[in-house]
Amino acid sequence: MKSKFLWISVLVFFMLALGAFAQEDPKVEAQKAYNEGLGFLKKNQISQAIPRFKEAVSKDPDLAIAYYAMGIAYKANKDLDNAEVMFKQAIEKDQSLVAAYNALGLLYSGQDRYDSAVNTFKAALGIDPNYAKANFGLGYVYLHQKDYNNAIQYFSKAVEIDPDYTKAWENLGICYHETRQYSEAISAFQSALEHERKRTEKGDIYLRLGNAFAKIGD
């Protein structure tokens, strides 16, 4: 009887110890901190999100998604230097994290660092050629460089992947208009209007559509 009681006591102790270990597992704690940070980030509570992400990477330095999320938070806070560092850290920890490449490419394009943006978006597409946002990002860079043919290629790919991608349709229409392909521009602008849900965003598209119709005398 004593032997049986002793065995049960040892088993209970082991289970309690295992539970305590699970609670103190740094990776579990890191994930918890990351989730908390993500909750704050979604509420745009940046000052509360960043410390949680820092806690996450301190407990699990390989948690790439936490570096990426911290980069998003820093960018929202207009701290672009730290945002760039975090996106690069995320990529270093997980070279397949296509969202981090895309975020870094967007940061570069917003700073007119177009060569760096092109290389970064192409790296993203090297991982996932069907990542619509990276196709859009690359098209956006080429549009600003007035390389309309390449821009058309990538905007077309973006809407092929995601037919609801309103901004890609609109920018595709702009590229067609700039290359005097007015019928194609009209079709793209009409698709943009079809998929745009915000009435406040439709004004510019209608204006561009009207200009395209005017070019063909309609």
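Below or above, wherever it landed, is the structure these notes cover. Model, not experiment: these values are computed from the prediction.

The subject of this paragraph is the pattern of salt bridges. Considering all chains together, one arrives at 9 salt bridges under this definition. For K167, the salt bridge goes to E170, with nearest N and O atoms at 3.6 Å. With K167 and E170 both in helix α10 (residues 166-178), this residue pair falls 3 residues apart, about one helical turn. When its relative accessible area of 8% is taken as the criterion, E170 is described as buried. Bridged by salt links that share partners, the residues K167, E170, E201 and R208 form one connected network.

What follows is about the packing of α10 against helix α11 (residues 182-195). Packing of α10 against α11 brings their axes to within 8 Å, and their N-to-C directions diverge by 165°. Comparing the axis directions of α10 and α11 gives the class roughly antiparallel. Judged by the sense of rotation from one axis to the other, the crossing of α10 with α11 is left-handed. Residues T166, W169, E170, L172, G173, I174, Y176 and H177 of α10 pack against Y182, E184, A185, A188, F189, S191, A192 and H195 of α11.

Position of S109 among the secondary structure elements: in helix α6 (residues 98-110). A polar contact of 2.9 Å, which involves the side chain of S109, links it to the backbone oxygen of L106. The residues touching S109, leaving out its near neighbours within four places in the chain, are Y114, A117 and V141.

Here we come to unusual backbone geometry. The phi torsion at D112 lies on the positive side, around 60°, for a residue other than glycine. With respect to the helices, strands and loops of the structure, D112 is situated in the loop between α6 and α7 (114-127). Given the relative accessible area of 54%, D112 is considered exposed. Residue R180 is not a glycine yet carries a positive backbone phi of 65°. Following the sequence through the fold, R180 ends up in the loop between α10 and α11.

Core analysis: the biggest nonpolar cluster contains 70 residues, and F53, F155 and L172 have the highest contact counts within it. A total of 8 residues in this core trace back to one element, the largest contributor, which is α6. Excluding residues that lie within four positions of it along the chain, F53 makes contacts with Y34, G37, L38, L41, A66, A69, M70 and A73.

Right, let's get into helix α5 (residues 80-93). Its 14 residues give α5 an end-to-end C-alpha distance of 20 Å, which sits within 8% of 20 Å, the value for a rise of 1.5 Å per residue. Turning to α5, its buried residues are A83, E84, M86, F87, A90 and I91. All buried residues of α5 fall inside an arc of 165° around its axis, so they share one side. The exposed set on the far side of α5, more than 90 degrees from its buried face, consists of D81 and E92.

Procedures and definitions
Residues numbered from 1 in each chain as written. Predicted model: local features only at pLDDT ≥ 70, side-chain atom pairs only at ≥ 80, totals over all residues. Heavy atoms only, no water. Salt bridge = Lys/Arg side-chain N within 4 Å of Asp/Glu carboxyl O. Helix = DSSP H or I, 4+ residues; strand = E, 2+ residues; numbered from the N terminus. Buried < 20%, exposed > 50% of the residue type's maximum accessible area, 1.4 Å probe, protein only. Axes fitted to C-alpha atoms, helices over the stretch in contact; angles between N-to-C directions. Parallel < 35°, antiparallel > 145°, perpendicular 65-115°, else oblique. Left-handed = near helix turned anticlockwise from the far one by under 90°. Contact = heavy atoms within 4.5 Å. Polar contact = N/O pair within 3.5 Å; in protein donor to acceptor, adjacent residues only side chain to side chain. Core = buried A, V, L, I, M, F, W, Y, C linked by side-chain atoms within 4.5 Å. Expected span 1.5 Å × (residues − 1). Arc of directions from axis to C-beta.

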